[in-house]
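Letter by letter, the chains look like this.
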Amino acid sequence: MKRIDFVYQKIRELSQAGQTGITAQDLAELLCLNRANVSHDLNKLWKEGKVTKSTHRPVLFSAIETATPLSLQRATSEPSLSAKKDSSTISNDENVSWNFQKYRQEPGISLMEQLAKDCQSLRGMIEQAKAALLYPPNGMHTLLFGETGVGKTMFAGVMHEYAVDKGILSEEAPFITFNCADYANNPQLLVSQLFGVTKGAYTGADRDREGLIEVAQGGILFLDEVHRLPSEGQEMLFTFIDKGFYRRMGETNFTRQGQVRLIAATTENPDSALLATFTRRIPMIIQLPSLKERGLEERLQLVVQFFHEESYRLGKDIHISSNTVRALLLYQCPNNIGQLKADIRLSCAKAYVDYISLRKTEIQITTSDLPMHVKEGLLHVQQNRKMIEKLLGDRKYYTFHPDQEPYMLEDSSAIDVSIYERMEQMSEELRANGITDNEAYNILDSEIDKYFTSYLKKVRQGINQEDMLRILHPEIVHVVEDIVSYAETRLNRKLTRNVLLGMSLHIQTLIDRVKKGKKISNPQLNQISMQHKREFLVALECVSKIEEAFDLEIQLDEAGFLTMFFVHDDVLVEEKKNYVGIIVMMHGNTSASSMVDVINRLLNTSHALALDMPLEKQPQEILTEAMELAKKMNRDDGLLLLVDMGSLLTFGDMISKELGMEVKVIPLVSTTHVLEATRKAISGASLDSIYQSVLAVSSHEFMEQSTGKERKKLPKQVIVTACLTGEGSALVIKNLLKHYLRFQNDKLQIIPITCLDQDGARRELEELKKERYILCTVSNFRIDPQVQHYNIEQVLSLQAIHEIQQLIDNEEIYQVMGETLEMQLKHLPGERVLGDIRGIISEMEKEIKQSFTSDELVGITLHMCCMLDRLKGGESVTEFRGKEEYILRYRDIFLTIQNVLRPLEMTYGVRIEENEICYLVRFFAMQEAGKTLY
């Protein structure tokens, strides 16, 4: 017998025995079943017309064959208070184009189908969801994409409900939620949570434990905030998604089969936030609209839905003023549906306090019960008057009745569901202790205010906090918030949000410098400490907080820098009328505009401008648009261009010559760069100051992308041999290479890999690249276009042996060079600098289309390493004789090298001047002429 049949049989027995009805909770306890499952079965039976449920709280279920209980007859036959006051009831207002009945789930249809009927904006998404669930044989994995609070969790739950309702999944099919953010920085814990653990897999694993995939067997696993899943975590799911099997942590000889549908959710653009190999495995991507995109009519539907839910929860009428509805329709609601629902619930809680403390005879909500940010919606009534009049008419009050259970649009962001019960319990306890009604009201009102205060803080910080966490380490943000709070208390004044942002970036850079052993020097320390004694004392305490939080020892000079954040708060920045212009230009349809939107939101400004460059647009068109934007800037203050690559790098010189304004260019732009540039610009900083600040705040992300293979302190080198005909052939090639090549076993390893196809070989090579430096590959096909490759025929004929030996010899030279530079360089770590320089030289060779011999490579590499160390130490640069003429003569090479060096400048916080670039140009010019400098 199925569970639902078991439930129905029991409720029939109870009804036949004369019981007037039973709650889902009582029935679940009677049957020793899960309450949620019993509730689901009862509602399904109700839709099928087999049971009835009462219209009052608590909801009582009874079998349909029995006579309607007397209590229910009274409840359905007696008119309610609001029915008597028909003129004030929104559901009977002929001017209103909607009514409450549509927010109750109709018998016989699923919640998903009900949503499709009620919400025009969701119809396309619901069709996608149905297609994903119905796709044979086992459906498609799905990714939900949308802003915070649009209802992704709710939508995933509705998908599960639909699958069960239509028999796609069994009635017992679980719906398991997993928040990826909880395990973003712990891959080992992630594996154990998802796949389970075997006894003895690690210290403390004293028993076998199933993972969430096992728990979700036959149902749905919902991966919330999947963008917080690290690449390793995404890769862990590949095998399971592709082949349907997995291993618990610690299992080696046993695989488990799993039949689980995945629904993932993200607030980020899947194309940029997730691995392409991951998104390819999730074919159905559903983008849910924001509250703003859903329009006023649908927003009104949601307002009605949520008030109806609260009326049902309370079991009482709720009376709403017309201005309350207007405010809820028009206020800024950045956290979307989740925030709208929570604001409504908080307002209902405020009105409920008035009711249970006997200050009002009914639950009535006016604008005085609304949070301030919701009241601001009334400021927008005038520009939306026609639509508001069409939707609401001219009633003064509207009433919501608890006459029938609505379908519930639960959302994880909603405030605690038991708030009403707690308020009622507190009220009873206060009265039992002899507290007067007036005193009880004050206490309850204070309790509600705590909820308001806590929630409103989340509302104010919600989006900005979330955006900050995307570009800064969460621990840094939390420490800075603590510092700002402490400073505000000690200095007895509020600090602006720009201080929080600027200090977060500054401390992120500070920690990086201290961990790398770099000196912190502030030549103005004595002057700062004397002129700003109060702020300096606060800053000293803040330095201690940073040391304690990150277990670092920080020099006293840092207190001088923190002091200036408190002294030069951006409170008065509006006094300055002109600022350095900031324009972000990137390839792609929305790359620049998306980045600028985040920064302007963070800083509450519109100063930064974006210019997207779709691939179909010609550079000349973009240059014309950039010129037009630049013309609007103040020419005395200058312009900073933040660009990604290619032709955009050259726009700075062209704009400067055309408009006669100073222009500087930052390449390989990131969100962090735009944030720092815009923050400094709206603070009134000069162009040069902003430029240097952006260079200084830059992390090592750029060099890691372009020279990743050089950055691991010259790891053990590997030659990979592969052959599609089997491992035997690869072993033959390995033995041949070992016979003809000279190398040290502790420096080089030849590894044959087994592969059945080219994709398999690429995957194995990628795994090797994580730990090793691939010197070259030998196979009958090119495995990786970025790795030096030789055909098997070239090796068997011994043609490639000399070149491979040269590669080995060069690596040995670089190994010795790295060790020497480690001792010789004064200001920088030698081996890391060597890795970065090698990547830069490789990029130069590619761009200029010239290759150096081994001796020439050694010469230019040593020169550049010493140059970088000299610049870092602030040493003077030797003037290049005839510089101007030389630059004109080799202009193309000069500009290419200048652009290629930009990431190096950002990584090490230096400025490579024209004289230094000329010396580098000379290497290529001499090489082109067949000469040498060494």
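Residues numbered from 1 in each chain as written. Predicted model: local features only at pLDDT ≥ 70, side-chain atom pairs only at ≥ 80, totals over all residues. Heavy atoms only, no water.

### Remarks on the pattern of salt bridges
Defined as follows: Any carboxyl oxygen of Asp or Glu within 4 Å of a side-chain nitrogen of Lys or Arg constitutes a salt bridge here. Numbering of helices and strands runs from the N terminus; a helix is a DSSP stretch of H or I covering at least four residues, while a strand is a stretch of E covering at least two. With a 1.4 Å probe rolled over the protein chains alone, any residue whose accessible area is under 20% of its type maximum counts as buried; one over 50% counts as exposed, and the rest are partly exposed.
In this structure the tally under the stated criterion is 20 salt bridges. Across the pair Lys769 and Asp784 runs a salt bridge whose closest N-O atoms are separated by 2.6 Å. Here Lys769, found in helix H33 (residues 758-769), pairs with Asp784, found in the loop between strand E21 (773-779) and strand E22 (789-791); they are 15 residues apart in sequence, far enough to count as distant. Since its relative accessible area comes to 28%, Lys769 is described here as partly exposed.

### A closer look at the nonpolar core
Quick reminder of the rule: Residues belong to one nonpolar core when they are buried, are Ala, Val, Leu, Ile, Met, Phe, Trp, Tyr or Cys, and are joined through side-chain atoms within 4.5 Å.
If you look at the biggest cluster of nonpolar residues, it comprises 40 residues, and the most contacted ones within it are Met844, Met864, Ile897, Leu901 and Leu920. Of all the secondary-structure elements, those providing two or more residues to this core are helix H35 (801-824), helix H36 (830-848), helix H37 (854-872), helix H38 (883-889), helix H39 (891-900), helix H40 (902-908) and helix H41 (914-928).

### Some details on H36
Convention followed: To estimate the expected span of a helix, count its residues, drop one, and scale the result by 1.5 Å.
When the terminal C-alpha atoms of H36 are compared, their 26 Å separation across 19 residues agrees well with the 27 Å that a helix rising 1.5 Å per residue should span. The buried count for H36 comes to 15 of 19 residues, which makes it a mostly enclosed element. One or two residues past the end of H36 sits Lys849, with phi positive at roughly 65 degrees.

### Describing the sheet that holds strand E12 (residues 318-321)
Where we set the bar: A strand pair is defined by DSSP finding two or more bridges across the two strands. Each axis is a line fitted through C-alpha atoms, and for a helix only the stretch in contact is used; angles between axes span 0 to 180 degrees, taken between their N-to-C directions.
Taken in spatial order, the 3 strands line up as E13-E12-E14 in an open sheet, and their pairing is mixed. If you trace the sheet from one side to the other, it starts and ends with strand E13 (363-365) and strand E14 (397-400), each paired once. Neighbouring strand axes in the sheet, compared pairwise and without regard to direction, differ in orientation by 25 degrees on average. Both E12 and E13 contribute to a ladder of 3 bridges, which runs parallel. From the neighbouring strand, Ile320 faces E13, where its bridge partner is Ile365.

### Regarding the sheet that holds strand E17 (residues 639-643)
If you walk across this open sheet you meet the 4 strands as E16-E15-E17-E18, and the pairing is parallel. The sheet is open, and its two edges are formed by strand E16 (609-613) and strand E18 (663-666), each paired on a single side. Neighbour-to-neighbour, the strand axes of the sheet open up by a mean angle of 20 degrees, direction not taken into account. One ladder, built from 5 bridges, connects strand E15 (residues 581-587) with E17; its direction is parallel. Note on E17: the bridge partner recorded for Ile583 is Leu641.

### A closer look at the packing of aromatic side chains
Defined as follows: Two rings from Phe, Tyr or Trp (for Trp, the six-membered ring) form a pair when their centres are within 6.5 Å of each other. A pair whose planes differ by under 30 degrees is stacked, one over 60 is edge-to-face, and the rest are tilted. For a Lys NZ or an Arg CZ to count as sitting over a ring, it must be within 6 Å of the ring centre and within 35 degrees of the ring normal.
This model, assessed by the stated rule, comprises 8 aromatic pairs. Centroid distance Phe880 to Tyr919: 5.0 Å. Interplanar angle 80 degrees. Geometry classified as edge-to-face. Residue Phe880 is located in the loop between H37 and H38, and its partner Tyr919 is located in helix H41; the two are separated by 39 residues in the primary sequence. Ring pairing ties together the aromatic residues Phe880, Tyr886, Tyr890 and Tyr919, which thus form one cluster. Sitting over the ring of Tyr486, Lys545 keeps its end group 4.9 Å from the ring centre. Across from the ring centre of Tyr691, 5.0 Å away, lies the NZ or CZ of Lys664, which sits over that ring.

### What about the packing of helix H14 (residues 295-314) against helix H18 (residues 385-392)?
Basically, it comes down to this: Note on angle classes: values under 35 degrees are labelled roughly parallel, values over 145 roughly antiparallel, values of 65 to 115 roughly perpendicular, and the remainder oblique. Handedness of a helix crossing follows the sense of rotation of the near helix relative to the far helix, less than a right angle counterclockwise being left-handed and clockwise being right-handed. We call two residues contacting when some pair of their heavy atoms lies within 4.5 Å. Basically, the charged four are Asp, Glu, Lys and Arg, the nonpolar ten are Ala, Val, Leu, Ile, Met, Phe, Trp, Tyr, Cys and Pro, and anything else, Gly included, counts as polar.
Their axes nearest at 11 Å, the elements H14 and H18 cross at an angle of 40 degrees. Classified by the angle their axes make, H14 and H18 are oblique. H14 and H18 meet at a crossing whose hand is right-handed. Counted together, Leu296, Glu297 and Leu300 of H14 and Met387, Leu391 and Leu392 of H18 form the full contact between these two elements. A breakdown of the residues in the contact of H14 with H18 according to their chemical character gives 5 nonpolar, no polar and 1 charged.

### A word on the environment of Ile917
One can find Ile917 in helix H41. C-alpha separation for the pair Ile917 and Lys883, spaced 34 residues apart in sequence, amounts to 10.0 Å. Excluding its chain neighbours within four sequence positions, the residues that come into contact with Ile917 are Phe894, Ile897, Gln898, Leu901 and Ile912.

All we've got here are geometric facts, nothing functional implied.
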